[in-house]
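Next come the chains, spelled out residue by residue.
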Amino acid sequence: MDKLVINGGKPLYGSIDISGAKNAAVAIVPAALMASSGVCVIDNIPDIEDVLCLERILLSLGCRVDKVANTITIDSSIINGTDAITNDMRNMRASYYLIGALLGRFREAKVVLPGGCPIGVRPIDQHIKGFEALGAVVKIEGGTVFVTAEKLIGTSIYFDVVSVGATINVMLAATLAEGTTILENSAKEPHVVDVANFLNSMGANIKGTGTDVIRIVGVSELKGCDYSVIPDQIEAGTFMLATAGCGGEVIINNVIPKHLESITAKLEEMGAQVIQNGESVTVKSEGKLKGVNIKTLPYPGFPTDVQQPMSSILAVSMGRSIVNESIYESRMMHVDELKKMGAKISVEGRIATIDGVDKLTGAKVRATDLRAGAALIIAGLIADGVTEITDIDHIDRGYLNIEEKFRKLGADIKRVTE
Ligand code: EPU
């Protein structure tokens, strides 16, 4: 088991490059299996555990998968089955995209119920509602999801909740349905748009992503294409917050500043400086910030995936901050760990009340989930003394070389194998 050991209390200076977006890549890699001819050459793929797991699943389905640096080439013309179950699938969430992709292309799919971070109940009822509306029959037995359809026929689907996963998944299946599908109350996240752009490059006809009404005119087949995944909004946000909390000046390259606006606005409200410049943002901070209130919301609201890292810097910001987690019911497990480092936080349901303290002190803490792990790295970088973070396999699922990137900025952080 690896752990991260951080000797904190140092400001961050320098520049880093952000990787391709995890939550786009984990949908685009399964979507590539919808190409019945040609190869997909996809650039800016992050080499994180969740993507590697999906690559293994594609291989097990008979696809040819080659990876050189950040570019993956997928040939799915030779696919030989629709049973996507592999041993490591249970630990990840995005395996659910194999349902939409396989259902679209082959009219059947078999996957295990998705796992992922323990941050709430995370049902997939809206995915199922969408597949059934298109004409599929969905059965769940012993944790396995079986989906079949004689035909998929386009229709109107109104999602009861705004769901990234359901929007993308139903969009995948509808791309190869007969006729037109309208998705209403859709998620507007940048990665939803990115997946649609990828599908359109493969020959799909999808319009309206980035708004809450998506119109998909079904096509009969998709073919390979060249594509580049957008930069990771959440990784960029993590480095922005770390710089703001530790103090210093960092240029964060390979970002789309528009995707970072909700984070930028909050950092400015707290007293940090954020300068946008083409495809980079520079964050400057004295390290002493003012507390603010945040409420997580679907895009373009403040992202739930940045809520936990934000709590770490609010823990040392002046005054009281209220954090309202409106997306997930149990995304507060980082709080008990932050308290071990001296944070003053009380949680009631989905609301955390944070009273800023002068300093955090290093402690032994556990990454309970992916973004809790990011929050603890930031807390460790801010804190005086040594912080040890265990269970970092959660962090490796979503961040590429995170300790190397922080080391490049002057942080004293190392990975230790026990
Ligand atoms: N929901 C339902 N029914 C559904 C689907 C979702 O009630 O059928 C609810 C969820 O329980 C949640 C809300 O709707 O309360 C939003 O869930 P959503 O479906 O948008 O989340 P997801 O698809 O499971 C993706 C990301 C998450 C990110 C959320 C929100 C992937 C693989 N995961 O999850 O990423 O938090 O969207 O933006 O794309 C992370 O990267 O750390 C992470 C957890």
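Treat the numbers as computed from the prediction; the structure is a model and nothing was measured.

Asker: Mind showing me how you'd approach the overall build of the protein here?
Answerer: The secondary structure content of the protein amounts to 13 helices and 25 strands. Radius of gyration (C-alpha) of the protein: 21 Å, near the 22 Å computed for a compact globule of 418 residues. Seen through its principal axes, the protein has C-alpha atoms that stretch 65 × 45 × 40 Å. Looking at the protein as a whole, 58% of its 418 residues are labelled buried. Nonlocal contacts in the protein, meaning residues at least 24 apart in sequence, comprise 73% of its contacts between residues at least 6 apart. Distance between charge centroids for the protein: 2 Å, based on 41 positive and 50 negative side chains.

Asker: Would you mind showing me how to read the sheet that holds strand S13 (residues 213–217) here?
Answerer: Remark on secondary structure: sheet strands pair via backbone hydrogen bonds, oriented parallel or antiparallel. Strands sit in the order S10-S11-S13-S12 across an open sheet of four strands; the sheet is mixed. If you trace the sheet from one side to the other, it starts and ends with strand S10 (156–158) and strand S12 (205–207), each paired once. Averaged over all adjacent pairs, the angle separating strand axes in this sheet is 15°, with direction ignored. Here S10 pairs with strand S11 (residues 180–184) via three bridges, running parallel. Paired with Ile157 across the strands is Leu183, a residue of S11. Packed on one face of the sheet, helix H5 (residues 164–175) meets S10, S11, S12 and S13 and runs near 20° to S13.

Asker: Got a minute to help me understand the packing of helix H1 (residues 22–31) against helix H2 (residues 49–60) in this structure?
Answerer: Pairs of packed helices are described in terms of their axes, by the angle between the two and the distance that separates them. Taken N-terminus to C-terminus, the directions of H1 and H2 make an angle of 0°; their axes are 10 Å apart at the nearest point. Taken as axis vectors, H1 and H2 run roughly parallel relative to one another. Note on element contacts: H2 touches H1 through Asp50, Val51, Leu54 and Leu58, opposite Lys22, Ala25, Val26, Val29 and Pro30. Across the contact of H1 with H2, the residue classes tally to seven nonpolar, no polar and two charged.

Asker: Explain the domain arrangement of the protein to me, please; I cannot follow it from the model alone.
Answerer: Interface extent is often summarised as the accessible area lost during association of the parts. For the protein, the assigned domains read domain 1 (2–19 + 231–417) and domain 2 (22–228). Facing 24 residues of domain 1, the contacting portion of domain 2 comprises 21 residues. Ranking the residues of domain 1 by area buried against domain 2 places Tyr299, Arg397 and Leu400 at the top, with a combined share of 34%. Of the charged contacts in the structure, one is a salt bridge between Asp50 and Arg397, with a shortest N-O distance of 3.0 Å. Linking domain 1 with domain 2 are four residue pairs in polar contact (both at pLDDT 80 or more), by the criterion used here.

Asker: When you look at the pattern of salt bridges in this model, what are you seeing that I'm missing?
Answerer: Where charged atoms from two side chains of opposite charge approach closely, those side chains can pair. A complete count under the given rule lists 22 salt bridges for this structure. A salt bridge links Arg350 to Glu329, with the nearest nitrogen and oxygen atoms 3.8 Å apart. Taken together, the positions of Arg350 in the loop between strand S21 (344–348) and strand S22 (351–355) and Glu329 in the loop between strand S20 (320–324) and helix H10 (334–340) put the pair 21 residues apart, joining distant regions of the chain. Salt bridges here are not isolated pairs; linked through shared partners, they connect Asp2, Asp396, Glu403 and Arg415.

Asker: I'm lost on the environment of Asn293 in this one. Help?
Answerer: Here Asn293 shows up in the loop between strand S18 (280–285) and strand S19 (294–295). For the pair Asn293 and Ala352, spaced 59 residues apart in sequence, the C-alpha to C-alpha distance is 9.9 Å. Aside from chain neighbours lying at most four places away, what touches Asn293 is Lys266, Arg320, Ser321 and Ile322. Among the polar contacts listed, one links the side chain of Asn293 to the backbone nitrogen of Ile322, at a separation of 2.9 Å.

Asker: I tried to follow the site of the ligand on my own but got confused; where do I start?
Answerer: Taken together, 23 residues lie near the ligand, and Tyr96, Ser163, Asp305, Ile327 and Arg371 sit nearest. In this structure, Pro123 approaches the ligand through a main-chain N or O atom, which is 3.3 Å from an oxygen atom. Backbone polar atom of Gln126 to an oxygen atom of the ligand: 2.7 Å apart, as the coordinates give it. Looking at the shell around the ligand, the elements with two or more residues in it are H1, helix H4 (125–133), H5 and helix H11 (370–382). With three residues, H4 is the largest single contributor of residues to the shell around the ligand. A breakdown of the residues in the shell around the ligand according to their chemical character gives ten nonpolar, six polar and seven charged. Per-domain counts for the shell around the ligand show at least three residues from each of domain 1 (2–19 + 231–417) and domain 2 (22–228).

Quick notes on the rules
Residues numbered from 1 in each chain as written. Predicted model: local features only at pLDDT ≥ 70, side-chain atom pairs only at ≥ 80, totals over all residues. Heavy atoms only, no water. Helix = DSSP H or I, 4+ residues; strand = E, 2+ residues; numbered from the N terminus. Rg over C-alpha atoms; globule rule 2.2 N^0.38 Å. Buried < 20%, exposed > 50% of the residue type's maximum accessible area, 1.4 Å probe, protein only. Contact = heavy atoms within 4.5 Å. Lys, Arg positive; Asp, Glu negative; His and termini not counted. Charge placed at Lys NZ, Arg CZ, Asp CG, Glu CD. Pairing = 2+ DSSP bridges. Axes fitted to C-alpha atoms, helices over the stretch in contact; angles between N-to-C directions. Parallel < 35°, antiparallel > 145°, perpendicular 65-115°, else oblique. Nonpolar A, V, L, I, M, F, W, Y, C, P; charged D, E, K, R; others polar. Domains from an automatic or database assignment. Buried area = accessible area lost by both parts, 1.4 Å probe. Salt bridge = Lys/Arg side-chain N within 4 Å of Asp/Glu carboxyl O. Polar contact = N/O pair within 3.5 Å; in protein donor to acceptor, adjacent residues only side chain to side chain. Near = heavy atom within 4 Å.

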